Amino acid sequence: GNEWARDYLKGKRDSLLQQGYAVLAVGYFNYEGAPQSLDRISLNAISDTILHIARHPKIDGSRIALLGGSRGGELGLNLASRFKHFKAVVALSTSNVSFPAITWSANTSSWTYNNEEVPYVPAPLKMIVPALKGDLYTAHCMMLEDEAAVKKAEIQVENINGPILILSGKNDDQWPATAMSNRLMERLQEHDFKHDKEHTILP
């Protein structure tokens, strides 16, 4: 829930600080003061937290960018598509839809907005076997087979108020990040997205 606060990313954090960026690592689950599980996390609360920090006199609150990987990328896209004060998104190995909560039942959304659950792709029973084996890639692919649910759960990235940079890896073993990122870019194209957008595919 707060990968960017870990020691192994200190070099990355320091490089951003040296370039003049203020860096806020938000712990949104399984972190001190946050819910234990990635289950119905309030997008409003995260947005409010970021805005509160952005009031610091040394921070330019008019240029807030979001950076996140995997479910953090999903979070960043969900936030920026709903709140206009976020002006750029960098999403690493992200998804184009919202997935269910990381709980045993997986029958709730990972996110809420205005106290309502964000639409998500449900987890079919058949994915239990690969999930228990640790084959998360296959489990996610099974969830994405429900085209009607995928359509409802797609993140409305065309509403983002600034440029979007997406990075994915061809050999991602957690979920089909490149295919989902390609679909994300297709949606931006379909809606004549007015800001810069780029999807870089890494080996």
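Residues numbered from 1 in each chain as written. Predicted model: local features only at pLDDT ≥ 70, side-chain atom pairs only at ≥ 80, totals over all residues. Heavy atoms only, no water.

> Sorry, what's going on with the pairing of strand β3 (residues 86-92) here?
Where a strand is regular, its side chains alternate between the two sheet faces. Pairing analysis gives six bridges linking strand β2 (residues 64-69) to β3, with the strands arranged parallel. Paired with L66 across the strands is V89, a residue of β3. In this view, the connection linking β2 to its parallel neighbour β3 by way of helix α3 (residues 71-80) has right-handed handedness. The pairing of β3 with strand β6 (residues 164-169) spans four bridges and is classified as parallel. (Pairing = 2+ DSSP bridges. Helix = DSSP H or I, 4+ residues; strand = E, 2+ residues; numbered from the N terminus. Right-handed = clockwise from strand over helix to strand, strands pointing away.)

> Teacher, can you tell me more about a nonpolar patch on the surface here?
Taken together, the side chains of W104, L125, I128 and L132 make up a nonpolar region of the molecular surface, amounting to roughly 600 Å² of accessible area. A relative accessible area of 42% means that I128 is categorised as partly exposed. (Patch = residues over 30% accessible without salt bridge, like charges linked within 9 Å, V, L, I, M, F, W, Y side chains within 5 Å. Areas by Shrake-Rupley, 256 points an atom, 1.4 Å probe, with all protein chains shown as cover. Salt bridge = Lys/Arg side-chain N within 4 Å of Asp/Glu carboxyl O. Buried < 20%, exposed > 50% of the residue type's maximum accessible area, 1.4 Å probe, protein only.)

> When you look at unusual backbone geometry in this model, what are you seeing that I'm missing?
The bulk of non-glycine residues show a negative phi, and the bulk of peptide bonds are trans. Residue S70 is not a glycine yet carries a positive backbone phi of 60 degrees. Even without a glycine there, the phi angle at N115 is positive, about 70 degrees. By the element assignment, N115 lies in the loop between β4 (111-113) and β5 (116-117).

> Honestly, the pattern of salt bridges in this entry has me stumped. Any pointers?
Side chains carrying opposite charge are able to pair once their charged atoms draw close together. Scanning the model with the defined rule gives eleven salt bridges in all. Across the salt bridge formed by D39 and R40, the nearest N and O atoms sit 2.9 Å from each other. Here R183 makes a salt bridge to E190, at a shortest N to O gap of 3.0 Å. Through salt bridges with shared partners, a single network forms among E154, E158, R183, E186, R187 and E190.

> Teacher, can you tell me more about the packing of aromatic side chains here?
The geometry of an aromatic ring pair is captured by the separation of the ring centres together with the interplanar angle, meaning the angle of the planes. Applying the stated rule across the entire model yields five aromatic pairs. Note on F83 and F86: the rings are 6.4 Å apart at their centroids and 85 degrees apart in plane angle, and the pair reads as edge-to-face. Judged by its relative accessible area of 0%, F86 falls in the buried class. With 5.6 Å between their ring centres and 80 degrees between their planes, F83 and Y113 make a pair best called edge-to-face. Here the residue F83 occupies a position in the loop between α3 and β3, and Y113 occupies one in strand β4, the gap between them amounting to 30 residues. According to the relative accessible area criterion, F83 is buried, its value standing at 12%. A relative accessible area of 27% means that Y113 is categorised as partly exposed. Members of the aromatic cluster, each reached through a chain of ring pairs, are Y28, F29 and W111. If you follow R82 out to its NZ or CZ, it ends over the ring of Y113, 5.3 Å from the centre. (Phe/Tyr/Trp six-rings, centres within 6.5 Å; stacked < 30°, edge-to-face > 60°. Lys NZ or Arg CZ within 6 Å of the ring centre and 35° of its normal.)

> What exactly am I supposed to notice about the packing of helix α2 (residues 43-53) against α3 here?
Helix packing geometry: the angle between the two helix axes and the distance between the axes. The interhelical angle for the contact between α2 and α3, taken along N-to-C directions, is 80 degrees, at an axis separation of 10 Å. With respect to their mutual orientation, α2 and α3 come out roughly perpendicular. Contacts between α2 and α3 involve L43, I46 and S47 on the former and, on the latter, L75, N78 and L79. (Axes fitted to C-alpha atoms, helices over the stretch in contact; angles between N-to-C directions. Parallel < 35°, antiparallel > 145°, perpendicular 65-115°, else oblique. Contact = heavy atoms within 4.5 Å.)

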